[in-house]
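Listed here are the chains, written in short residue letters.
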Amino acid sequence: MIASLDYELDKSQKHLDLKPDTEYCIGRDPDCPVCLGELPDVSRRHCVIYFNTTINSYALADLYSTHGTGLNGRKIGHMDVPLHDGDKITVGPVSFSFYCESSTAARKIKTGSSGISMISRPEPFAHVSRMTDKKQFRYRQDELFQGDEKILEQLPSREGTELYLTSSPGGAVHFLKIRTELQQDAQAVRELRKLKTEIPDLTGLIPIRSCGALDDGACFILSDFQDVPSYAKMISMLAPLPQNSALALIYSVILILARAWQNNLFHGFLKPTKILYYPKNGNYITEMGLSAWRERFYPDLVHRPGQWYAAPETTAGKSVWQSDQYALGIMLFQMLTGVLPFRADAPNELARLHREQTMPLPQERNSQIQTLPAVDAIILRMTMKDPAERYPSWEKLLADLEKANLLFRKKEKKQ
């Protein structure tokens, strides 16, 4: 398959022939195959074009750039999209034309607002160096865990973790998470087991069935498994979302968090991967109530890469209930714009941005959307740097979301 990119840079026409065995990262970094220099609105590693063997076609992926990547006039999310002959790609002020002699269309996923196809990124592209090699998994399919829990499947896992699907003797399917980089001490294990007994069984929370340490000291948590997508997958595939849809999704999570806080329980490390999207039965939140334990025994976890939703106090190791509010504010921003407000590869730099950088308005990251001033005000208050300046209660935030949704409906009726 012959493919190429044409674009203009420094008043000069550029032509690049693409090879199927090469990933073409576009950005400011001098190491990028397509380096755009110090142009405005271009991230260090902005986006990538590569050949997706799953669909036998070239694909485009945004790399969590600050200002997003455009495709034919619309910003894409972070799931890969297949490219077709004649597609126009926008990176900051630079427009690329993609040409290909043949391009196989990927299957469509209905988004309700766009005809852009979404495809899953094959594992070889998913930052292999940060994934756990399957050879390093300690359990194989059909082996037993802790005597009676049968291993059903090894799941793709980030470096330092092993994820499995398991089944109990009664046939219940569970999710097993083993932290291989965390060597437990006896006190940590005792505290974790004690914590498990203290977390109440509340609607919307995924209960921990078992926890402890393995013979080599690695920590494990066994919880119920729900075969539904996470908010992370939904955001990647569907963002930007209409305002009423984004508000409803955040509202449903806050209902769970409000019930939990009535029992003095909060998450403290909330992110889209911890929220399961299950509209028929109500959404779920996983790993609730573990932040104090994590901060006490494993404070370095908050300094790992990719803490896109962590509040300033979370990266400082002092999460409070308002930290969940901050994380949801970042998620709401991402749902509306398709991009994150702050982006940095280095954990310390990302933490600094959350701590010091002014929160942008949604329109500043995606000029193609228009949010209500009431929605902008909600996001800004949820993401205040000082927890005391955020909403004083979940109930007050729910009330403001209801008002914003009512304003949105009135505006739609007028149109």
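Colleague: Please explain the packing of aromatic side chains as it appears in this structure.
Modeller: Geometrically, a pair of aromatic rings is defined through the distance of the ring centres and the angle of the planes. What the rule picks out here adds up to 14 aromatic pairs. Ring geometry for Y139 versus Y164: centroids 5.9 Å apart, planes at 80°, classification edge-to-face. Remark: Y164 occurs in strand β14 (residues 161-167) and Y139 occurs in the loop between β11 (94-100) and β12 (144-145); sequence separation between them is 25 residues. By relative accessible area, which is 0% here, Y164 ends up buried. Joined through ring pairs, the aromatic side chains of F137, Y139, F145, Y164 and F220 make up one cluster. Stacked on the ring of Y391, the Lys or Arg R381 has its end atom at 4.6 Å from the ring centre.

Colleague: Which parts of the structure should I look at to understand the sheet that holds strand β2 (residues 12-18)?
Modeller: Backbone-to-backbone hydrogen bonds join strands into a sheet, with any given pair of strands oriented parallel or antiparallel. A sheet is described by the order of its strands in space; here six strands give the open sequence β2-β1-β11-β10-β7-β8, paired in antiparallel fashion. Here the strands that pair on one side only, and so sit at the sheet edges, are β2 and β8 (74-75). Where strand β7 (residues 70-71) meets strand β10 (residues 88-91), two bridges bridge the pair, whose relative direction is antiparallel. Residue pairing for β10: L71 is matched across the bridge by I89.

Colleague: Explanation requested: a positive patch on the surface in the structure shown.
Modeller: A surface patch of like charges, here positive, comprises R409, K410, K413 and K414. With respect to the helices and strands, the residue K413 is situated in helix α10 (residues 394-414). Using a relative accessible area of 72% as the deciding quantity, one classes K413 as exposed.

Colleague: Any chance you could explain the confidence of the model for the protein here in plain terms?
Modeller: Atom-level detail of predicted coordinates should not be read off regions where pLDDT is low. For the protein, the average pLDDT comes to 86, and 89% of its residues sit at 70 or higher. Summarising per-element confidence for the protein, the mean pLDDT is lowest in strand β9 (residues 81-82) (82) and highest in helix α9 (residues 373-382) (98). Counting interchain partners and residues more than four positions distant, the pLDDT-below-50 stretch residues 103-131 has 72 contacts.

Colleague: Which parts of the structure should I look at to understand the side chain of K177?
Modeller: As for its placement among the helices and strands, K177 is situated in strand β15 (residues 173-183). There is a polar contact of 3.1 Å between the side chain of K177 and the side chain of E287. Beyond its immediate sequence surroundings of up to four residues, K177 is in contact with E162, L163, C219, F220, I221, K274 and E287.

Colleague: What is the right way to read the pairing of strand β3 (residues 24-27) from this model?
Modeller: The two faces of a sheet get side chains in turn, since along a regular strand they alternate between them. Judged by which residues are buried, β3 turns out to be covered on both faces: Y24 and I26 on one side and C25 and G27 on the other are all buried. Where β3 meets strand β5 (residues 47-52), three bridges bridge the pair, whose relative direction is antiparallel. Residue pairing across strands places C25 opposite V48, the latter belonging to β5. Here β3 runs beside strand β4 (residues 34-35); their pairing, made up of two bridges, is parallel. Paired with I26 across the bridge in β4 is V34.

Colleague: Looking at this structure, I do not really get the nonpolar core. What am I missing?
Modeller: Nonpolar side chains tend to gather and get buried jointly when the protein is soluble and globular. L328 and M335 are the most contacted members of the largest nonpolar core, which totals 55 residues. When residues of this core are traced back to their parent elements, those giving at least two are α2 (231-238), α3 (243-261), α6 (321-337), α7 (347-356), α9 and α10. The next biggest cluster of nonpolar side chains, apart from the first, holds 25 residues, and it includes L5, I49, I76 and I89.

Colleague: What am I meant to see in the pairing of β5 here?
Modeller: Among the six residues that make up β5, six are buried, leaving the element largely enclosed by the rest of the structure. Relative to strand β6 (residues 57-62), β5 is paired through six bridges, and the arrangement is antiparallel. Bridging across to β6, F51 finds its partner in Y58.

Colleague: When you look at the state of the cysteines in this model, what are you seeing that I'm missing?
Modeller: In protein chemistry, a disulfide is the covalent bond that joins the sulfur atoms of two cysteines. By the definition in use, this model includes zero disulfides. Just so you know, C32 is unpaired, no disulfide at all, and the nearest cysteine sulfur is the one on C25, 3.6 Å from it. The cysteine C35 is free of any disulfide, with C32 supplying the nearest cysteine sulfur at 6.4 Å. Take C35: its relative accessible area is 31%, and that puts it in the partly exposed class.

Colleague: Sorry, what's going on with the sheet that holds β4 here?
Modeller: Read across the open sheet, the five strands follow the order β4-β3-β5-β6-β9; overall the sheet is mixed. A single partner strand is all that each edge strand has here, and the edge strands are β4 and β9.

Colleague: Explain the packing of α6 against α9 to me, please; I cannot follow it from the model alone.
Modeller: Axes are the key here: two packed helices are described by the angle between their axes and the distance separating the axes. Between α6 and α9, whose axes approach to 8 Å, the crossing angle comes to 145°. The hand of the α6/α9 crossing is left-handed. Between α6 and α9, the residues in contact are Q325, Y326, L328, G329, L332, F333 and L336 and V375, I379, R381 and M382, respectively. Split into classes, the residues belonging to the contact of α6 with α9 amount to eight nonpolar, two polar and one charged.

What counts as what
- In this convention, every chain numbers its residues from 1, walking through the sequence in written order.
- Local features in this predicted model are restricted to residues of pLDDT 70 or higher, and side-chain atom pairs are both shown and tallied only at a pLDDT of 80 or more, whereas totals for entire chains, interfaces and linings draw on every residue.
- With hydrogens and water set aside, each side-chain value is computed from the structure's full complement of heavy atoms.
- Geometry of aromatic contacts follows a simple scheme: Phe, Tyr and Trp rings, the Trp one being its six-membered ring, pair when their centres are within 6.5 Å, and the pair is stacked under 30 degrees between planes, edge-to-face over 60, tilted otherwise.
- Starting at the N terminus, helices and strands are each numbered in turn, a helix being any DSSP run of H or I of at least four residues and a strand any DSSP run of E of at least two.
- Between buried and exposed lies partly exposed: a residue is buried under 20% and exposed over 50% of the maximum accessible area for its type, with that area taken using a 1.4 Å probe on protein chains only.
- Two thresholds decide whether a charge sits over a ring: the Lys NZ or Arg CZ must be within 6 Å of the ring centre and within 35 degrees of the ring normal.
- Two strands are said to pair when DSSP picks up at least two bridges between them.
- Put simply, a patch holds well-exposed residues, over 30% relative accessible area, that have no salt bridge, with like charges counted together within 9 Å and Val, Leu, Ile, Met, Phe, Trp or Tyr side chains within 5 Å.
- Values of accessible area rely on a 1.4 Å probe in the Shrake-Rupley scheme; residue burial ignores everything except the protein chains shown.
- The salt bridge definition used is simple: a Lys or Arg side-chain nitrogen within 4 Å of an Asp or Glu carboxyl oxygen.
- Only four residue types enter the tally: Lys and Arg on the positive side, Asp and Glu on the negative side; His and the chain ends are excluded.
- To locate a charge, the coordinates of NZ of Lys, CZ of Arg, CG of Asp or CD of Glu are taken.
- Per residue, pLDDT captures the predictor's confidence, and it can take any value from 0 to 100.
- What makes two residues a contact is simply this: any of their non-hydrogen atoms within 4.5 Å.
- Here a polar contact is taken to be a pair of N or O atoms separated by no more than 3.5 Å, where protein atoms must pair a possible hydrogen donor with a possible acceptor and residues adjacent in sequence count only if both atoms sit in side chains.
- Working definition of a nonpolar core: buried Ala, Val, Leu, Ile, Met, Phe, Trp, Tyr and Cys residues. They are joined through side-chain atoms within 4.5 Å.
- Cysteine sulfur atoms that come within 2.5 Å of each other are treated as a disulfide pair.
- Fitted lines through C-alpha atoms serve as axes, helices being fitted only where they are in contact, and the angles separating the N-to-C directions of these axes extend from 0 to 180 degrees.
- Whether a crossing is left-handed or right-handed is set by the direction in which the near helix is turned from the far one by less than a right angle, anticlockwise for left-handed and clockwise for right-handed.
- Amino acids are sorted into nonpolar (Ala, Val, Leu, Ile, Met, Phe, Trp, Tyr, Cys and Pro), charged (Asp, Glu, Lys and Arg) and polar (every other residue, Gly among them).

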